[in-house]
Amino acid sequence: MTTLITKVPIGFLSLLLIITIATKAAAGNFYQDFEVTWGDNRAKIFNGGQLLTLSLDRASGSGFRSKNEYLFAKLDMQIKLVPGNSAGTVTTYYLSSLGGTHDEIDFEFLGNLSGDPYILHTNVFTQGKGNREQQFYLWFDPTADFHTYSILWNPHNIIFSVDGTPIREFKNLESRGVPFPKNQPMRLYSSLWNADDWATRGGLVKTDWAHAPFTASYRNFNAPPAQSWMGQSLDSTGLARIHWVQRNYMIYNYCTDLKRFPQGPPLECSLA
Ligand SMILES: *[C@@H]1O[C@H](CO)[C@@H](O)[C@H](O)[C@H]1NC(C)=O
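Quantities reported herein were computed from a predicted structural model and do not represent experimental measurements.

The rules behind the values
Residues numbered from 1 in each chain as written. Predicted model: local features only at pLDDT ≥ 70, side-chain atom pairs only at ≥ 80, totals over all residues. Pairing = 2+ DSSP bridges. Helix = DSSP H or I, 4+ residues; strand = E, 2+ residues; numbered from the N terminus. Axes fitted to C-alpha atoms, helices over the stretch in contact; angles between N-to-C directions. UniProt positions renumbered as here; feature names shortened; annotations may be inferred. Contact = placed C-beta atoms within 7 Å. Buried ≥ 20, exposed ≤ 12 C-beta atoms within 10 Å, placed from the backbone.

Engineer: Go over the sheet that holds strand S14 (residues 214-222) with me, naming the residues and quoting the values.
Structural biologist: Here we have 7 strands laid out as an open sheet, ordered S2-S3-S14-S5-S10-S11-S12, and antiparallel in their pairing. In this open sheet, the two edge strands, each paired with only one partner strand, are strand S2 (43-46) and strand S12 (165-171). On average, each strand axis in the sheet is inclined to that of its neighbour by 20 degrees, with strand direction left out of account. The sheet contact formed by strand S3 (residues 51-56) and S14 spans 6 bridges and is antiparallel. Note that in S14 the partner of Leu54 across the bridge is Ala216.

This is the structure:
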C-alpha cells in the first residue's frame, strides 16, 4: 500500500483527499442538522456528530428535531432500536408541520418483549386529519443492527421505505378530492418515550423499568438534493416490492378495517 501511494502524483492524492472530505460533509452531522428538544442529557451526540442516542428512563424520554424545515424532502436515517425487553417503549421518526391543520408523515416503532416482534406503525396526516394507520412486522431484527428508514415526500407521492424497500405509498390524489401535504413546511422529529398504555399488545404488556434506561441509536442522516428525487414515483419493481411487503408483513391496514369505517373506507383507499 505505502509504495503504491508514494508513486501516485501529489495532484491525484489531493484530489482524493478533496473527494473524501466532500463525501464526509454530505453525510449528516447531528450537531449541524439537529437540536435536542427534550430529555436533557438523555439525548447524546458522539463521534464528532456521527452518532446520536436517545434514552428513556422512568423520569423522562428524549427527543430531537431537525434545524431545517422541508417543503418536500427525501430523508434517510439509520436507526438501531431499543434491544432486549423494549415492551411499552415507542421510538418515533416523523415529519410534521405545526398547528391544528398540520400535516404529518409518521414512522413509529412499538417495542416488545425480548424475541417478540416490533411493530412498525405508519400514518399520514393531512390538514390535521390522520386515521390512516398501516402496521407492519419487519423481515429482520431491528435491534441487532442499524437499518435505513426513509421518507420520500414529493408533489406526486409519499413513499415510506425500509432499507430501500418501499413499504407504503400515499399518492397525491388531490384532483380526486383527497388532501395532500404540499403547502406547509415540515421538520423531522424523533423521540423515545413510554407508551405502555397502548404500545405493546394494545397496552397489555407494560414497560419493565428494571431494564431502564432504554436506548435507541441514530447515524448517517442523509438528505440528498432535490433533483434526485423530486420526480420520483414507484416503478413496476417498486410496486412489486410493496406488494411483497404488504402480502407478507402487513398486520393492519385502515383501508380494510370495515368495523372502523362502516360507511366504507376513506376515499384514497378505493382510488389507490
Ligand atoms: C409483540 O409480540 C406479540 C406476540 O408475538 C405480538 O402479538 C405483537 O404484535 C408484538 N408487537 C407489539 C408491538 O405488540
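Picking up after the structure, the text goes on.
Engineer: I'd like a rundown of the UniProt feature "active site" (unreviewed entry) in the protein, residues and numbers included.
Structural biologist: Mapped onto this numbering, the UniProt entry gives "active site" (unreviewed entry) at Glu104 and Glu108. The residue Glu104 is located in strand S7 (residues 104-110) in this model. For Glu104, the residues in contact, after removing those within four places along its chain, are Tyr94, Leu95, Ser96, Phe125 and Gly130. Relative to the helices and strands, Glu108 is located in strand S7. Given 19 C-beta atoms within a 10 Å radius, Glu108 is considered partly exposed. Other than its neighbours up to four places away in sequence, Glu108 contacts Val90, Thr92 and His121.

Engineer: Describe in detail unusual backbone geometry, supporting the description with residues and values.
Structural biologist: The linkage connecting Ala212 with the following residue, Pro213, adopts the cis geometry, with an omega of -5 degrees. A positive phi angle, close to 50 degrees, is found at Asp163, a residue other than glycine. Secondary-structure assignment places Asp163 in the loop between strand S11 (157-162) and S12.

Engineer: Summarise the pairing of strand S10 (residues 147-153); cite the residues concerned and give the values.
Structural biologist: Counting buried positions along S10 yields 5 of 7 residues, so the element is predominantly enclosed. Pairing of strand S5 (residues 73-80) with S10, which is carried by 7 bridges, proceeds in the antiparallel orientation. Bridge pairing links Ile79 to His147 in S10. The pairing of S10 with S11 spans 5 bridges and is classified as antiparallel. Among the inter-strand pairings, Ile151 is bridged to a residue of S11, identified as Phe160. Turn length for the S10-S11 hairpin, with the two strands adjacent in sequence and antiparallel, is 3 residues.

Engineer: How would you explain the sheet that holds strand S8 (residues 119-125) if you had to name every residue and give the values?
Structural biologist: A sheet is described by the order of its strands in space; here 8 strands give the open sequence S1-S4-S13-S6-S7-S8-S9-S15, paired in antiparallel fashion. The sheet is open, and its two edges are formed by strand S1 (34-38) and strand S15 (250-253), each paired on a single side. Strand-to-strand, the axes of this sheet are offset by a mean angle of 15 degrees, without reference to chain direction. Direction of pairing for strand S6 (residues 89-96) relative to strand S13 (residues 187-194): antiparallel, over a ladder of 8 bridges. Residue pairing across strands places Thr92 opposite Ser191, the latter belonging to S13.

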